[in-house]
Amino acid sequence: MMDLFSEIENPERDEIIALRKELEEQNYKYYVLNAPTMSDREFDEKMRRLQDLEKRYPDMDDPKSPTKHVGSDLTKKSGFATITHRYPMLSLANTYSREEVVDWLNKLPADAEICCELKYDGLSISLWYEDGQLTHAVTRGDGTRGDDVIDNIKTIANIPWTIDNKASIELRGEILLPWANFEKLNKEREAQEEPLFANPRNAASGTLKLQDPREVARRGLTSYLYYMLGDNLPEDNHFDRLQAAKRWGFPISDAVRVCHGIDEVMAFINYWDVERKNLPVATDGIVLKVNNIAQQTELGYTAKTPRWAIAYKFAAERQQTTLRKITYQVGRTGVITPVANLDPIQLSGTVVQRATLHNEDFIRQLGIEEGDQVWVEKGGEIIPKIVAKVTNSLNSKLSTLNFIKTCPECGTPLVRVEGEAAWRCPNDITCPPQIKGKMEHFVSRKAMNIDGLGEETIDLLFEQNLLHSIADIYHLTHEDLAKQERLGNKSADNILAGIEKSKTVPWHRVLFALGIRMVGETTAKKIARVFPSIDQLQWATKEQLTAIEDVGDQIAENIIAYFNDIRNLDIVRQLQEAGVTLASESENSGTAGNSGSQLVGKTIVISGTFEHHSREEYKEMIEAHGGKNSGSVSSKTSFILAGENMGPEKRKKAEQLGIALVSEDEFLQMINYVGES
Ligand code: IVH
């Protein structure tokens, strides 16, 4: 039965609320996180729908609606000075339809000249010059205020720091990361287990917000400028102003034309729709601007966009094909990615045969299964995406997909952590792609930085059974390496020198290199500050770990799980034996000794007979390092110091409760024992 409220409820009103919320969230993901989860096309379509609905329901007007303001990239703690723009930094009205371009052109004064430009897909910047000196470089921010990122902008080679004519002007343009640099950056990030940037725009935006201009310089941004602002500007039209800026040394694109009438504008669009694919930077459309400044002033602005300009955006290319088979890839962190194997199709000039299906939920949402006809798209992202199933109402059926239950590489049953989208193989010790991944991460630049040991060499040595874990890197001999056809004597020398040098890499980087899940570079640094040696870290409690900034429950649990696995303890022991730095300098030189705090909060059971010290001596050592001795194994036991012939009852109980057995040697290392053992 319908109640009174449902009768007067209006789904379109609800839709307005829902769309506002969704678009604000997407703005945040796009501008602040640089990680959008919606395609530009979908975003633009939803924005369009919201605009239409708001027109129909004027009583629901809200000045805070995303239709009324530009998406903001401001963050509370950006670390940059926030500056108020002299002139608001607006967006552009956009369309994917040529008919709408024609409508827009038809509404302009009959004599209007149109300046046609490429729409560069980066992030906008406002450059302020005072008496010819670059004084500020401000991001769009919320359109009214932006971040001054001048130190980062000064690393961009084609932006002049001074102009000879001593002008006080403002130039606006786009900051871009060329395709080649974007691909290089993502390769590095993949090796470091950092999230990849979906496209050059996100990468450029993430880069410009870094607090490290040297890293910004290394990534190689570039720019194109397209708009001049200020008092007493030269020329009375946009095109001539751009040419003046070019003479003063600013990066102005050559792809700018003054067009007269629809045919010339369409010819420009048609030409660049094809030719843009050969450019070194990303473009996502064409910008049409009324050329004459007086006419621009006449046309004016809406709250968000100038009326004198419009962007025609290129649609992502879409093709229909058959999904033949779903296969599964195991990533180097154990994440299982389902992959669509397709009947080959041509998309944006390349043959596409495979597309990512992300995860199980993605497949279920699309409702697809093997044999279906699907739409594949290649948009701003370089990786092709399946965007929809080609619906066939006569034959529609629910997805009967059976997502795999065991790892295709090692057969281990897969697990899915609550709240995570991905299934994962938990066997990070012997699952081949995971061990190789761990090794690649271990040797990478920001970790142990071992020159010469790249992905290919690791693959090769792994296939030859010379590498099973990161510790094996320190067991490699000259002979092992030199006998490889691809390497030879000289490379073997280089690799061994790199391995030797890596032993001096500081403790916090070694901790990062170990590849404990979610322990990134910065987190590792913070952890190493609190736990200046691995001996202390391996007994850290969850409370101690979560007290560290940036370490939440999940990271703490990952660290504890890492050190609870005897196979990892074995790897750590081997690294220690090899002479890898596992403590910070002060820790190495100062506090190591026969008393310490390594066992604070630990309850330890001693069992069996020992080679180097008596049981009594071990009991004393435990106390001298802050630990507690206990005679019986219980859930409170932290670990068992296990010697030869350990009592069978104790062993059984330890197994039942999952309590680690620590050997005599491991124990002595754990407490940094100095003396004869
Ligand atoms: S003109 C007041 N010209 O597109 C008009 N914008 O979607 C100022 N963009 O925020 C913009 N290429 O970041 C203009 N040739 C071009 C452009 C361009 C890229 C960007 C710009 C703007 C966004 C709007």
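Calculation notes
- Residues numbered from 1 in each chain as written.
- Predicted model: local features only at pLDDT ≥ 70, side-chain atom pairs only at ≥ 80, totals over all residues.
- Heavy atoms only, no water.
- Helix = DSSP H or I, 4+ residues; strand = E, 2+ residues; numbered from the N terminus.
- Buried < 20%, exposed > 50% of the residue type's maximum accessible area, 1.4 Å probe, protein only.
- Lys, Arg positive; Asp, Glu negative; His and termini not counted.
- Charge placed at Lys NZ, Arg CZ, Asp CG, Glu CD.
- Contact = heavy atoms within 4.5 Å.
- Near = heavy atom within 4 Å.
- Polar contact = N/O pair within 3.5 Å; in protein donor to acceptor, adjacent residues only side chain to side chain.
- Areas by Shrake-Rupley, 256 points an atom, 1.4 Å probe, with all protein chains shown as cover.
- Phe/Tyr/Trp six-rings, centres within 6.5 Å; stacked < 30°, edge-to-face > 60°.
- Pairing = 2+ DSSP bridges.
- Axes fitted to C-alpha atoms, helices over the stretch in contact; angles between N-to-C directions.

Participant: Just to check I follow, could you spell out the overall build of the chain for this structure?
Facilitator: The helix and strand tally for the chain stands at 26 helices and 20 strands. Along the first, second and third principal axes, the C-alpha atoms of the chain reach 100 × 75 × 60 Å. Evaluated residue by residue, the chain yields a buried proportion of 48% over its 677 residues. When the 80 basic and 102 acidic side-chain charges of the chain are each reduced to a single mean position, those positions are 1 Å apart.

Participant: Just checking my understanding: could you explain the environment of Ala-642 for this structure?
Facilitator: Note that Ala-642 resides in strand β19 (residues 639-642). On a C-alpha basis, the gap between Ala-642 and Glu-664 in space is 6.8 Å, while along the polypeptide they are 22 residues apart. Those residues in contact with Ala-642, other than ones at most four positions away along the chain, are Ser-607, Phe-610, Leu-661, Val-662, Ser-663 and Glu-664.

Participant: Got a minute to help me understand the site of the ligand in this structure?
Facilitator: Taken together, 15 residues lie around the ligand, and Glu-117, Tyr-120, Glu-174, Tyr-226 and Lys-289 are the ones closest in. The separation between an oxygen atom of the ligand and a polar side-chain atom of Arg-140 is 3.4 Å. Compared with its free state, where it exposes 530 Å², the ligand has 90% of that area covered by protein. Of all the secondary-structure elements, those providing two or more residues to the shell around the ligand are β3 (114-120), β8 (222-229) and β10 (283-290). Sort the elements by how many residues they give to the shell around the ligand and β3 lands first, with four residues.

Participant: Can you help me understand unusual backbone geometry in this one?
Facilitator: What is expected of a backbone is that most residues other than glycine have negative phi and most peptide bonds are trans. The residue Asn-449 is not glycine, and still its phi comes out positive at about 50 degrees. Locating Asn-449 in the fold gives a position in the loop between α13 (432-443) and α14 (455-463). Phi is positive for Asn-465, close to 70 degrees, though the residue is something other than glycine. With respect to the helices, strands and loops of the structure, Asn-465 is situated in the loop between α14 and α15 (478-482). Classification of Asn-465 by relative accessible area gives exposed; the value is 53%.

Participant: Can you help me understand the packing of aromatic side chains in this one?
Facilitator: The relation between two aromatic rings is expressed through the spacing of the ring centres and the mutual angle of the planes. Tallied over the full model, the rule gives 16 aromatic pairs. Measuring from centroid to centroid gives 5.7 Å for Tyr-618 and Phe-667, while their planes differ by 80 degrees, and the two rings are edge-to-face. Within this pair, whereas Tyr-618 is found in helix α24 (residues 615-624), its partner Phe-667 is found in helix α26 (residues 664-670), the two being separated by 49 residues in sequence. For the pair shown, Tyr-618 and Phe-667 are each scored as buried. Of the aromatic side chains, those joined through ring pairs into one cluster are Trp-539, Phe-610, Tyr-618, Phe-639 and Phe-667.

Participant: Explain the side chain of Gln-484 here, please?
Facilitator: Looking at the element boundaries, Gln-484 is found in the loop between α15 and α16 (488-502). Of note is the side chain of Gln-484, whose polar atom sits 3.2 Å from the side chain of Gln-464. Setting aside its immediate chain neighbours within four residues, Gln-484 contacts Leu-460, Leu-461, Gln-464 and Leu-466.

Participant: What is the right way to read the sheet that holds strand β18 (residues 628-630) from this model?
Facilitator: Paired through backbone hydrogen bonds, the strands of a sheet run either parallel or antiparallel to each other. Overall, parallel pairing links the four strands, which are arranged β18-β17-β19-β20 in an open sheet. On the outer flanks of this sheet lie β18 and β20 (660-662), each paired with one strand and no other. Going from strand to strand, the sheet's axes swing by 35 degrees on average, the running direction of each strand aside. Taken together, the three bridges between β19 and β20 define a ladder with parallel strand orientation. Across the sheet, Phe-639 pairs through a bridge with Ala-660, a residue of β20. Helix-sheet contacts for α24 involve β17 (603-607), β18 and β19, and the interaxial angle to β17 is about 170 degrees. Lying over the sheet, helix α25 (residues 648-657) contacts β17, β19 and β20, oriented at roughly 145 degrees with respect to β17.

Participant: Help me understand the sheet that holds β3 in this model?
Facilitator: With mixed pairing, five strands are arranged side by side in an open sheet as β2-β11-β10-β3-β9. What marks the edges here is a single partner per strand, and that holds for β2 (94-95) and β9 (257-259). Bridge count between β10 and strand β11 (residues 309-313): five bridges; the pairing is antiparallel. Note that in β11 the partner of Ile-286 across the bridge is Tyr-312. Helix-sheet contacts for helix α4 (residues 98-107) involve β2, β3, β10 and β11, and the interaxial angle to β11 is about 165 degrees. Set on the sheet, helix α10 (residues 261-275) makes contact with β3, β9, β10 and β11; between it and β9 the angle comes to about 145 degrees.

Participant: Which parts of the structure should I look at to understand the pairing of strand β7 (residues 169-176)?
Facilitator: Working note: regular strand, side chains alternate between the two faces of the sheet. Counting buried residues in β7 gives eight out of eight residues, a clear majority hidden from the surface. Relative to β7, strand β4 (residues 123-130) runs antiparallel, the two sharing seven bridges. In the sheet register, Ser-126 faces β7, and the bridge partner there is Arg-172. Pairing analysis gives seven bridges linking β7 to β8, with the strands arranged antiparallel. Across the sheet, Leu-176 pairs through a bridge with Thr-222, a residue of β8.

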